[in-house]
Amino acid sequence: MSLILGAIAGSFLNVCIWRIPRGESVITPSSHCPKCLKPIRWYDNVPVWSILYLKGRCRDCQAPISPRYGWVEVSSAALFTVFYLKYGISVQGIVYLTMTLALLAQALIDLDHQIIPDEITLPGIALGVIASAFFPGLHGQEHWQGGLLHSLLGVALGGGILYAAGTAAEWVLKKEAMGGGDVKLLAMIGAVLGWPGVLWTLFCSSFLGSAVGIYLRLRRGDERIPFGPYLALGAVSYFFLGKNVVQIYSRFLIY
Ligand SMILES: [Zn+2]
């Protein structure tokens, strides 16, 4: 069941990834082939299955369809299942899964267009703050003030650190170093994960970013990857690794 729901959500994610950066509505019109513009028949729009059945080509014009559509659907199905197994059907699981799917969309949009759209980050910040106040357990807190405080500190820290780093780098390098999209993305991550999650995300994404950056530089010269995908990976690793590490650390700090 979680596999099916996940594949359907992945299909919708593909629509978002294509349309949001182009300023199109994600609801209407229905999906069409980007090459010949013919609408896609409902029976050709079954996640994963259709791509395999049509051998990755449009039924009308035979234009190749990127295999990435299929991978996004498969990843989404896998994420639904993993979060279901880890958190069950709970508020925590739903909030974390929603954020992870939003991060997946943002990472791919950032890779394609070098932008992180406000249409996802700004509602994400609002939802994260509201959810934290109503469900303080997201941050291991018992009262709404604690959850809200964790979330707001996360927004301030996440946005603040990248904004400050960007401004400093701009001043030194005399060119734009950090996009406003990255600032809002880490603020969104902070709204959902709280301030400890921001520290973890920043640590992981900088580490990953430097490692991959050095590797690419050695191999292919001057290729650059935007920072958004690293932030997304760092944030998702918080659920599976970071939370435990932060818990162990805070135990040392408090006692
Ligand atoms: Zn076509």
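Just so it is clear, the model here is predicted, and its values are computed rather than measured.

A. Representation of the overall build of the chain. In terms of helices and strands, the chain carries eight helices and zero strands. Traced from its N-terminal end to its C-terminal end, the chain shows the element sequence α-α-α-α-α-α-α-α. Relative to the compact-globule value of 18 Å for 255 residues, the chain shows a C-alpha radius of gyration of 20 Å, a close match. Principal axes of the C-alpha set define a box for the chain whose edges measure 65 × 45 × 30 Å. Residues counted as buried form 36% of the 255 residues belonging to the chain. For the chain, long-range pairs separated by at least 24 residues make up 63% of all intrachain contacts whose partners lie at least 6 apart in sequence.

B. Molecular detail of the domain arrangement of the chain. Each assigned domain of the chain is listed here: domain 1 (1–89) and domain 2 (90–255). Taken over C-alpha atoms, the centre of domain 1 sits 26 Å from the centre of domain 2. Of the residues lining the interface, 15 residues belong to domain 1; the matching set on domain 2 comes to 17 residues. Among the secondary structure elements, those contributing two or more residues to the side of domain 1 that touches domain 2 are α1 (2–19) and α3 (67–87).

C. Summary view of the nonpolar core. In this structure, Ala105 and Ile189 are the most contacted members of the largest nonpolar core, which totals 54 residues. Among the elements of the structure, α1, α3, α4 (91–113), α5 (118–134), α6 (144–173), α7 (180–220) and α8 (228–254) are those that each provide at least two residues to this core. No fewer than three residues from each of domain 1 (1–89) and domain 2 (90–255) sit in this core.

D. Region of interest: the packing of α5 against α6. Across the interface, α5 lies against α6 with an axial gap of 6 Å and an inter-helix angle of 155 degrees. Classified by the angle their axes make, α5 and α6 are roughly antiparallel. Crossing geometry of α5 relative to α6 is assigned as right-handed. Residues Ile125, Gly128, Val129, Ser132, Ala133 and Phe134 of α5 lie in contact with α6, whose contacting residues are Trp144, Gly147, Leu148, His150, Ser151, Leu152 and Val155. Split into classes, the residues belonging to the contact of α5 with α6 amount to eight nonpolar, five polar and no charged.

E. Here's a closer look at unusual backbone geometry. The phi dihedral of Val48 falls on the positive side, at around 60 degrees, and the residue is not glycine. Inspection of the secondary structure puts Val48 in the loop between α1 and α2 (49–53). At Gln114, a residue that is not glycine, the phi angle is positive and equals roughly 55 degrees.

The rules we used
Residues numbered from 1 in each chain as written. Predicted model: local features only at pLDDT ≥ 70, side-chain atom pairs only at ≥ 80, totals over all residues. Helix = DSSP H or I, 4+ residues; strand = E, 2+ residues; numbered from the N terminus. Rg over C-alpha atoms; globule rule 2.2 N^0.38 Å. Buried ≥ 20, exposed ≤ 12 C-beta atoms within 10 Å, placed from the backbone. Contact = placed C-beta atoms within 7 Å. Domains from an automatic or database assignment. Core = buried A, V, L, I, M, F, W, Y, C linked by C-beta atoms within 7 Å. Axes fitted to C-alpha atoms, helices over the stretch in contact; angles between N-to-C directions. Parallel < 35°, antiparallel > 145°, perpendicular 65-115°, else oblique. Left-handed = near helix turned anticlockwise from the far one by under 90°. Nonpolar A, V, L, I, M, F, W, Y, C, P; charged D, E, K, R; others polar.

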